Number of protein chains: 4
Amino acid sequence: MSEYPVDLEAIKRHFRQDHFAATSGVEILELKQGYARTSLTIEERHLNSVDILQGGAIFTLADLAFAMACNSGGRVAVAINTSLSFLRATRSGTLVAEATEVSRSRRISTCTVHVTDEQGTLVALFQGTAYIKDEPFPPQEAQS
Amino acid sequence: MSEYPVDLEAIKRHFRQDHFAATSGVEILELKQGYARTSLTIEERHLNSVDILQGGAIFTLADLAFAMACNSGGRVAVAINTSLSFLRATRSGTLVAEATEVSRSRRISTCTVHVTDEQGTLVALFQGTAYIKDEPFPPQEAQS
Amino acid sequence: MSEYPVDLEAIKRHFRQDHFAATSGVEILELKQGYARTSLTIEERHLNSVDILQGGAIFTLADLAFAMACNSGGRVAVAINTSLSFLRATRSGTLVAEATEVSRSRRISTCTVHVTDEQGTLVALFQGTAYIKDEPFPPQEAQS
Amino acid sequence: MSEYPVDLEAIKRHFRQDHFAATSGVEILELKQGYARTSLTIEERHLNSVDILQGGAIFTLADLAFAMACNSGGRVAVAINTSLSFLRATRSGTLVAEATEVSRSRRISTCTVHVTDEQGTLVALFQGTAYIKDEPFPPQEAQS
């Protein structure tokens, strides 16, 4: 398994092309090796039927940070399992998701993501497991 | 803990007001007590940066079915924990999420959701736990 | 990736050598390809400090069924992630865990395990994800 | 919901009566409000059929720390959902599980547990959700 050079700027550019995250309003704040931060400013379209931030919006926010953190090693990492705990209902303001790769073996990357509100209160806790392929990330065609 | 009458049509109408699910293109197919089905027809906006259905879109699809199933008892049920396994990458077509309440105690509802493609292949497996409150669902103000 | 012949009897014999499961009282009932059943008869040593079946005993019961189901393909499968929901407190009797491999790709096996009591009531729900290696199971040295 | 006085020593004594954890060799190291540590020294009886620490033994170690942390508030907390990721195979030595209550609402306690080996390497990551009852912990009869 050869190692590939890691180009964090190319990885960040690549994730800006995530259609669902972008149209959902998730923004990329930061990317370092094994670490990423994203944010979401809550609008009416993110709420559920009782006017609380919908679970899918929180998931999308956390999942993008997770995807960036586990792909920041320069090889394709594919999500296989995620766990998400909802700790506190939220209605407005900007949330930040902070993903940290807590373990990385040859084939498996495990990340935790903390989602906090503007007061720094933890509103959701996410854990993600990804399978690491023998392919460079970003994919070659996407870099040109 | 008094029981409330269950009005499945009112519950269905209520979930049609879920902003994030609706703007994400998730549709409600069916609701019975302890059971719900939703669907999502994949468009370009649902893809991620490598043109595969984004995890957040799958979560939103499964989560709405889960929310409907655990609220179908006529009392407010709030999601506290979810687990989502991605089994197969998908790029097009219509996915269906089928939620079944596998256990319901006084306070806790547990549901499993199977997400399948048009061939009936399982593409994602979701498990959700909700906390049941002493409040009628849909909330009174929403019914008027 | 070459395929290996599957010897279900050898796989069952191999899992009888699981020290922790055996000393915990977990018994093997059945093994088919992609399917396994185990049982546990509750004794005082399996209870927790409030005389309810301890979570670790339920996990051990479900995990052995999971391990057998995902290794029943004849290649080594290593658990990477598990989720366990406790649905009902149990104090006595015999529990049965039934594991089904719901999805198997080249590298990932996903199983669900239902744990039921003597009345057939679901008392716990388990989901497991395993990574599949390019090695035969049981390992060669263990077969001799 | 009245609050109950918290007696950490009584809580610790109570958890020493957890039959399954005790007979499995799990030891209690420390208990503070919202925080607990347990340990397990690996013996042959804790191994699985390929001589690696069995998943059920790791779960039992982590689960006791989780149970202590979420019950340390002086009210009965019952586990409803757990997630466990296996990060690294272990064969010998002493493992330590460190549980932290990351969120506590009126009804729900959420804890993360880090399991590390003697080198401080993370070998497993556990997340637990508990439902908090209106009852003092330890239960009254157990204190006498």
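Heads up: these notes are all about the structure in this document.

### Quick look at the overall build of chain A
Okay, step 1: Along its length, chain A carries 4 helices and 6 strands.
Okay, step 2: Beginning at the N terminus, the succession of helices and strands in chain A can be written as α-α-β-β-α-β-β-β-β-α.
Okay, step 3: In terms of overall dimensions, chain A is globule-like: its C-alpha atoms have a radius of gyration of 15 Å, near the 15 Å expected for 144 residues.
Okay, step 4: Its C-alpha atoms put chain A at 50 × 30 × 25 Å along the principal axes.
Okay, step 5: Put simply, chain A has 144 residues, and 52% of those count as buried.
Okay, step 6: Considering only intrachain contacts with a sequence separation of at least 6, the fraction spanning at least 24 residues in chain A is 68%.

### Some points on unusual backbone geometry
Residue and element names in this part refer to chain A.
Okay, step 1: Looking along the chain, the bond that leaves F137 and enters P138 is cis, with omega of 0 degrees.
Okay, step 2: Among the secondary structure elements, P138 is positioned in the loop between β6 (122-136) and α4 (140-143).
Okay, step 3: Phi is positive for D51, close to 60 degrees, though the residue is something other than glycine.
Okay, step 4: Relative to the helices and strands, D51 is located in the loop between β2 (35-41) and α3 (55-71).
Okay, step 5: Residue D51 is classed as partly exposed on the basis of its C-beta count, with 14 C-beta atoms lying within 10 Å.

### Details of the interface of chain A and chain B
Okay, step 1: At the junction of the two partners, chain A supplies 32 residues and chain B supplies 32 residues.
Okay, step 2: For the side of chain A that touches chain B, the secondary structure elements donating two or more residues are α1 (8-15), α2 (19-23), α3 and β3 (75-86) of chain A.
Okay, step 3: When residues in the side of chain A that touches chain B are grouped by element, the largest group, 8 residues, is from β3 of chain A.
Okay, step 4: Taken together, the residues of the side of chain A that touches chain B break down into 12 nonpolar, 16 polar and 4 charged.
Okay, step 5: Strand direction decides the pairing type here: β3 of chain A and strand β3 (residues 75-86) of chain B, joined by 5 bridges, are antiparallel. Along β3 of chain B, the bridge assignment pairs N81 of chain A with S85 of chain B.

### A short note on the sheet that holds β3 of chain A
Okay, step 1: In spatial order, the strands read β1(A)-β2(A)-β4(A)-β5(A)-β6(A)-β3(A)-β3(B)-β6(B)-β5(B)-β4(B)-β2(B)-β1(B); together these 12 strands make up an open sheet with antiparallel pairing. Sheet topology places β1 (26-32) of chain A together with β1 (26-32) of chain B at the edges, where each strand pairs with a single neighbour. On average, adjacent strands in this sheet sit at an angle of 20 degrees to one another, irrespective of strand direction.
Okay, step 2: Pairing of β1 of chain A with β2 of chain A involves 6 bridges; the strand directions are antiparallel.

### Section: the interface of chain D and chain C
Okay, step 1: Facing 32 residues of chain D, the contacting portion of chain C comprises 32 residues.
Okay, step 2: Only α1 (8-15), α2 (19-23), α3 (55-71) and β3 (75-86) of chain D provide two or more residues apiece to the side of chain D that touches chain C.
Okay, step 3: Taken together, the residues that form the side of chain D that touches chain C break down as 12 nonpolar, 16 polar and 4 charged.

### What to know about the nonpolar core
Okay, step 1: Core analysis: the biggest nonpolar cluster contains 179 residues, and A62 of chain A, A62 of chain B, A62 of chain C together with A62 of chain D have the highest contact counts within it.
Okay, step 2: In this structure, A62 of chain D is in contact with L84, A97, V113, V115, A124 and F126 of chain D, ignoring residues within four places of it in sequence.

### Considerations on the relation of the copies chain A and chain B
Okay, step 1: Mapping chain A onto chain B leaves a residual RMSD of 0.0 Å; the transformation is a rotation of 180 degrees accompanied by 0.0 Å of translation along its axis. Look at the turn and shift together and you get a two-fold axis relating the two. Relative to the rotation axis, the C-alpha of S83 of chain A is the closest in chain A, positioned 2.1 Å from it.
Okay, step 2: Here 100% of the contact residues of chain A are again contact residues in chain B; the copies associate through an equivalent surface.

### Points about the environment of V96 of chain C
Residue and element names in this part refer to chain C.
Okay, step 1: Along the chain, the position of V96 falls in strand β4 (residues 94-104).
Okay, step 2: The class for V96 is buried, based on 20 C-beta atoms found within 10 Å.
Okay, step 3: Residues V96 and T38, spaced 58 residues apart in sequence, show a C-alpha to C-alpha distance of 5.8 Å.
Okay, step 4: Excluding anything up to four places from it in sequence, V96 contacts R37, S39 and T116.

### Description of the relation of the copies chain D and chain C
Okay, step 1: For the pair chain D and chain C, the best superposition has an RMSD of 0.0 Å and corresponds to a rotation of 180 degrees with a translation of 0.0 Å parallel to the axis.
Okay, step 2: An overlap of 100% is found between the interface residues of chain D and their copies at the interface of chain C, pointing to a shared contact surface.

### Here we look at the pairing of strand β4 (residues 94-104) of chain D
Residues and elements named next belong to chain D.
Okay, step 1: Note: strand β2 (residues 35-41) against β4, 7 bridges, orientation antiparallel. Bridging across to β4, Y35 finds its partner in T100.
Okay, step 2: Bridging between β4 and strand β5 (residues 108-116) involves 8 bridges; their strand directions are antiparallel. Bridging from a neighbouring strand, E98 pairs with H114 of β5.
Okay, step 3: In textbook terms, the turn of a hairpin is the stretch between consecutive antiparallel strands, and for β4 and β5 this stretch comprises 3 residues.

### Topic: the sheet that holds strand β1 (residues 26-32) of chain C
Okay, step 1: Read from one edge to the other, the open sheet built from 12 strands follows the order β1(C)-β2(C)-β4(C)-β5(C)-β6(C)-β3(C)-β3(D)-β6(D)-β5(D)-β4(D)-β2(D)-β1(D), with strand pairing classed as antiparallel. Looking at strand neighbours, the two that pair on one side only are β1 of chain C together with β1 (26-32) of chain D, the edges of this open sheet. With strand direction ignored, the average angle separating the axes of adjacent strands in the sheet is 20 degrees.
Okay, step 2: In terms of strand pairing, strand β5 (residues 108-116) of chain C meets strand β6 (residues 122-136) of chain C through 9 bridges, oriented antiparallel. Directly across from T110 of chain C, in β6 of chain C, lies its bridge partner T129 of chain C.

### Observations regarding the packing of helix α3 (residues 55-71) of chain C against α3 of chain D
Two measures define how a pair of helices packs: the angle their axes make with one another and the distance between the axes.
Okay, step 1: The interhelical angle for the contact between α3 of chain C and α3 of chain D, taken along N-to-C directions, is 160 degrees, at an axis separation of 8 Å. With respect to their mutual orientation, α3 of chain C and α3 of chain D come out roughly antiparallel. Crossing handedness for the pair α3 of chain C and α3 of chain D: right-handed. In contact with G55, G56, F59, T60 and D63 of chain C of α3 of chain C, α3 of chain D contributes G55, G56, F59, T60 and D63 of chain D.

### Side note on the environment of V102 of chain D
Okay, step 1: Relative to the helices and strands, V102 of chain D is located in strand β4.
Okay, step 2: Accessibility expressed as a C-beta count within 10 Å gives 17 for V102 of chain D, which makes it partly exposed.
Okay, step 3: A sequence separation of 28 residues divides V102 of chain D from A130 of chain D, and the C-alpha atoms of the two residues are 12 Å apart.
Okay, step 4: Beyond its immediate chain neighbours, meaning those up to four positions away, V102 of chain D contacts L122 and L125 of chain A together with T110, C111 and T112 of chain D.

Rules used throughout
Throughout this description, residue numbers start from 1 for each chain and increase along the sequence as written. The order in which chains are written sets their letters, starting at A; the order in which ligands are written sets their numbers, starting at 1. Where totals are concerned, whole chains, interfaces and linings use all residues; where local detail is concerned, this predicted model gives features only for residues with pLDDT of at least 70, and gives and counts side-chain atom pairs only at 80 or more. Secondary structure elements follow DSSP: runs of H or I no shorter than four residues count as helices, runs of E no shorter than two count as strands, and numbering proceeds from the N terminus. The globule rule used here is 2.2 Å times the number of residues to the 0.38 power, and the radius of gyration it is set against is calculated over C-alpha atoms. Labels follow a simple rule on C-beta atoms placed from the backbone: if 20 or more others lie within 10 Å of a residue's own, it is buried; if 12 or fewer, it is exposed; otherwise it is partly exposed. In this description, any two residues whose backbone-derived C-beta atoms lie within 7 Å of each other are considered to be in contact. Ten residue types, Ala, Val, Leu, Ile, Met, Phe, Trp, Tyr, Cys and Pro, are classed as nonpolar, four, Asp, Glu, Lys and Arg, as charged, and the remainder, Gly among them, as polar. Pairs of strands are assigned from DSSP output, requiring at least two bridges between the strands. To obtain an axis, a line is fitted to C-alpha atoms, over the contacting stretch when the element is a helix, and the angle between two such axes runs from 0 to 180 degrees between their N-to-C directions. Take the buried Ala, Val, Leu, Ile, Met, Phe, Trp, Tyr and Cys residues, join any whose C-beta atoms are within 7 Å, and the set you get is a nonpolar core. Here the copies are superposed with least squares, the fitted atoms being C-alpha atoms of residues at a pLDDT of at least 70 in both. Any angle from 65 to 115 degrees is called roughly perpendicular, while one under 35 is roughly parallel, one over 145 is roughly antiparallel, and all others are oblique. Handedness of a helix crossing follows the sense of rotation of the near helix relative to the far helix, less than a right angle counterclockwise being left-handed and clockwise being right-handed.

In short, shape yes, function no, at least from these values alone.
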